[in-house]
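Coordinates in review
Here is what each chain is made of, one letter per residue.
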Amino acid sequence: MKFPGQRNSKHYFPVKSNDPISLGIAPYTVSQRTHICGIDQTLVDIEARVSDELLERYELKKGNSMLIDDAKAHSLYEELQRGKLISSEFAGGTIGNTLHNYSTLSDSRSVLFGVMCDNVQVGSYAYRYLCNTSSRVDLNLLQPVPGAMGRCFALISDCGERTFAISKGDMDNLQPESIDRGIIESSAALVISAYLLRADPAAGMRDSVAKAIDYAKAADVPVVLTMGTRFLIEQDPQFWRDFIKQNVTILAMNEDEGEALTGFSDPLLAAEQSLQWCDMVLCTAGPVGLYMAGFCDHEYLRNTTQTLLPGAIPEFNQHEFSRPMRYADCHKPTKVYAHIAPFMGGPEVIRNTNGAGDGALSALLHDLAALKYHKLNIPSSSKHNQASLCYSSFSQICKYANRVAFEVLSQDSPRLSRGLPEREDSLEEVYWER
Ligand SMILES: Nc1ncnc2c1ncn2[C@@H]1O[C@H](COP(=O)(O)OP(=O)(O)OP(=O)(O)O)[C@@H](O)[C@H]1O
Ligand SMILES: O=c1[nH]cnc2c1ncn2[C@@H]1O[C@H](CO)[C@@H](O)[C@H]1O
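Looking at an unreviewed UniProt entry, the chain carries the name Guanosine-inosine kinase, with the source organism given as Paraferrimonas haliotis. UniProt's Sequence similarities (unreviewed entry) comment on the chain is quoted here verbatim: "Belongs to the carbohydrate kinase PfkB family."

Shown next, in the form of structure tokens:
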């Protein structure tokens, strides 16, 4: 596994503590590996630039992700094709993207649960999905289905806002029998999205998600929920608060979803409020950058050396150098917050922001997995005296997540085509230099 972020050598395993002789282990033992697993509605994104008039005609609410029936999907596709508006057809799905990006960044395995057409024709949507997914994403557990691949029309308006119209095909037909208990129990995290729960209860997806969560909770595997879109949360915020409280360790959202969940438009306050239901929050805020919030035991708090920031919670970043912990693992839980402005102010040209939030989440997942990997291989390291959730501090994870979001924004697809540049020796050095 590559280690998260671009680090100075001091951040890598100290050679001494990894010395096979002093550890009393054979010099050539194979390192133990871990993985991240996730459930998704396997979707191919059909991306097109469209006018507001087209959105209105198809009764699509700007910024939302809405299900459309086959007839509407057919005429929308025809119209986009006729107008030569389609710019790409590429693998998508919010968790599929996140796992792909995690695997690309970490050069490590992730496992996707979902469905796949049982008869894949060269050039078909299913074929594209498979071709556009990192070979590090294990697709062997996908459940074969006889029906069509799900399609997501990703419609980009002139203002850069994206609206999704979903033609679901068989995407929700994942059956609970397809969820592998061993894979979940041995993973560093289970990642799910709020979209999964809008599936028809009869289809199988909701039961599959429930089963996976049960396995994860029983094995103490962190459950990570990404919110999808604010429209989904707005429909029933109390349902989501209860769901998060019962099931979720880490919540990923943007500021609009945060507002829908908590009523607070300030992302810092939304993150703070969300800590009553979960252990850790990643809240992206577009051009404002991103916030993280979570807990650390009073004993392990570390003060920042960076400027203390004003905000709805004054000097909120005071302990941002601490490592995140679960609330239940703290004797004296203290809330910790961090913020970072967009990496280098953001790319000079942003064609669309699709997937930037998913990119940030994949960096956080990399940090979670790095902790598990380190623990499996060097359990006696003093690093593990603290029962932390992540390998790095809030501050470092913010930098990394932000750096990855920048990379997604700089390209034209939510899926990274490569990892971060190797020769960026230290984030600290390049951070503000263009
Ligand atoms: N206009 C922008 N300028 C600079 N940076 C940006 C801009 N928009 C987004 N970013 C960066 O990308 C990160 C994630 O963006 P954003 O909050 O838009 O995600 P999101 O709405 O969850 O996206 P998606 O749902 O498409 O994955 C931000 O935290 C920031 O670092
Ligand atoms: O209903 C849905 N289920 C799963 N993924 C979705 C849905 N709607 C949109 N996206 C996915 O979100 C990604 C950007 O974050 C897009 O790639 C799109 O495929």
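From this point, the discussion proceeds with the structure in view.
**Remarks on the overall build of the chain**
If you tally the helices and strands in the chain, you get 14 helices and 16 strands. Taking 22 Å as the expected radius of gyration for a compact globule of 434 residues, we find that the chain reaches 21 Å, a close match to that expectation. For the chain, buried positions account for 49% of its 434 residues. In the chain, the proportion of contacts linking residues at least 24 apart, taken out of those at least 6 apart, comes to 77%.

**Thoughts on the site of ligand 2**
The environment of ligand 2 is formed by 18 residues, the closest being Ser65, Gly92, Thr94, Cys152 and Tyr195. Of all the secondary-structure elements, those providing two or more residues to the shell around ligand 2 are strand 2 (43-49), helix 4 (94-106), strand 9 (150-156) and strand 10 (162-167). The class makeup of the residues in the shell around ligand 2 is 7 nonpolar, 9 polar and 2 charged.

**Here's the deal with the UniProt feature "binding site: GMP" (unreviewed entry) in the chain**
In the numbering used here, UniProt assigns the feature "binding site: GMP" (unreviewed entry) to Asp40, Gln41, Thr42, Leu43, Val44, Asp45, Gly93, Thr94, Ile95, Gly96, Asn97 and Arg198. Here Asp40 lies in the loop between strand 1 (36-39) and strand 2. Residue classification places Asp40 among the buried positions, given that 27 C-beta atoms sit within 10 Å. Not counting residues up to four positions away in its chain, the partners in contact with Asp40 are Gly93, Thr94, Ile95, Gly96, Leu112 and Gly114. Examined against the element boundaries, Asn97 turns out to sit in helix 4. The exposure class assigned to Asn97 is buried, which follows from the 28 C-beta atoms found within 10 Å. Excluding anything up to four places from it in sequence, Asn97 contacts Gly92, Gly355, Asp358, Pro414 and Arg415.

**Focus on the nonpolar core**
Counting residues in each nonpolar core, the largest one holds 120 residues, and the members touching the most others are Leu190 and Ala401. Counting residues per element, this core draws most heavily on helix 12 (residues 356-377), which supplies 11 residues. Leu190 has contacts with Cys37, Gly38, Ile184, Ala212, Ala216, Val221, Val223 and Val224, leaving out every residue within four places of it along the chain.

**Let's talk about unusual backbone geometry**
We note that Lys84 has phi near 50 degrees; this positive angle belongs to a residue other than glycine. Summarising the element assignment, Lys84 is placed in the loop between helix 3 (70-82) and strand 4 (86-91). Residue Lys84 is classed as exposed on the basis of its 8 C-beta neighbours within 10 Å. Positive phi is not limited to glycine here, since Asp220 has a value of about 65 degrees. One can find Asp220 in the loop between helix 7 (205-218) and strand 12 (223-226).

**Points about the site of ligand 1**
Near ligand 1 there are 20 residues, and of these Thr284, Pro342, Gly346, Gly357 and Ala405 occur at the shortest range. In terms of residue count, the dominant contributor to the shell around ligand 1 is helix 12 (4 residues). Residue classes in the shell around ligand 1 are distributed as 9 nonpolar, 10 polar and 1 charged.

**Quick notes on the UniProt feature "domain: Carbohydrate kinase PfkB" (unreviewed entry) in the chain**
In the numbering used here, UniProt assigns the "domain: Carbohydrate kinase PfkB" (unreviewed entry) feature to residues 134-292. Helix makes up 32% of residues 134-292 and strand 25%. Its end C-alpha atoms lie 28 Å apart.

**Some remarks on the packing of helix 12 against helix 13 (residues 394-410)**
Orientation of helix 12 relative to helix 13, taken along the N-to-C sense of each, is 140 degrees, at an axis distance of 7 Å. As far as their axial angle goes, helix 13 and helix 12 are oblique. Regarding helix 12 and helix 13, the two cross each other, and that crossing is right-handed. Along the contact surface, helix 12 presents Ala356, Gly359, Ala360, Ser362, Ala363, Leu364 and Asp367, while helix 13 presents Ile397, Tyr400, Ala401, Asn402, Val404, Ala405, Glu407, Val408 and Leu409. The residue makeup of the contact of helix 12 with helix 13, split by class, is 11 nonpolar, 3 polar and 2 charged.

**Description of the sheet that holds strand 15 (residues 290-297)**
Sheet strands line up and pair through hydrogen bonds in the backbone, either parallel or antiparallel. Read from one edge to the other, the open sheet built from 9 strands follows the order 7-5-1-11-12-13-14-15-16, with strand pairing classed as mixed. Two strands bound the open sheet, and with one partner strand each, they are strand 7 (137-138) and strand 16 (333-340). By the bridge criterion, 4 bridges tie strand 1 to strand 5 (residues 110-113) in an arrangement that is parallel. Each bridged residue has a counterpart across the sheet, and for Gly38 the counterpart in strand 5 is Leu112. Sitting on the sheet, helix 12 touches strand 1, strand 11 (189-193), strand 12, strand 13 (250-254), strand 14 (280-284) and strand 15, and the angle it makes with strand 14 is about 150 degrees. Taken strand by strand, helix 13 contacts strand 14, strand 15 and strand 16, and its axis lies near 35 degrees from that of strand 16.

What counts as what
Residues numbered from 1 in each chain as written. Chains lettered and ligands numbered in written order. Predicted model: local features only at pLDDT ≥ 70, side-chain atom pairs only at ≥ 80, totals over all residues. UniProt positions renumbered as here; feature names shortened; annotations may be inferred. Helix = DSSP H or I, 4+ residues; strand = E, 2+ residues; numbered from the N terminus. Rg over C-alpha atoms; globule rule 2.2 N^0.38 Å. Buried ≥ 20, exposed ≤ 12 C-beta atoms within 10 Å, placed from the backbone. Contact = placed C-beta atoms within 7 Å. Near = placed C-beta within 6 Å. Nonpolar A, V, L, I, M, F, W, Y, C, P; charged D, E, K, R; others polar. Core = buried A, V, L, I, M, F, W, Y, C linked by C-beta atoms within 7 Å. Axes fitted to C-alpha atoms, helices over the stretch in contact; angles between N-to-C directions. Parallel < 35°, antiparallel > 145°, perpendicular 65-115°, else oblique. Left-handed = near helix turned anticlockwise from the far one by under 90°. Pairing = 2+ DSSP bridges.

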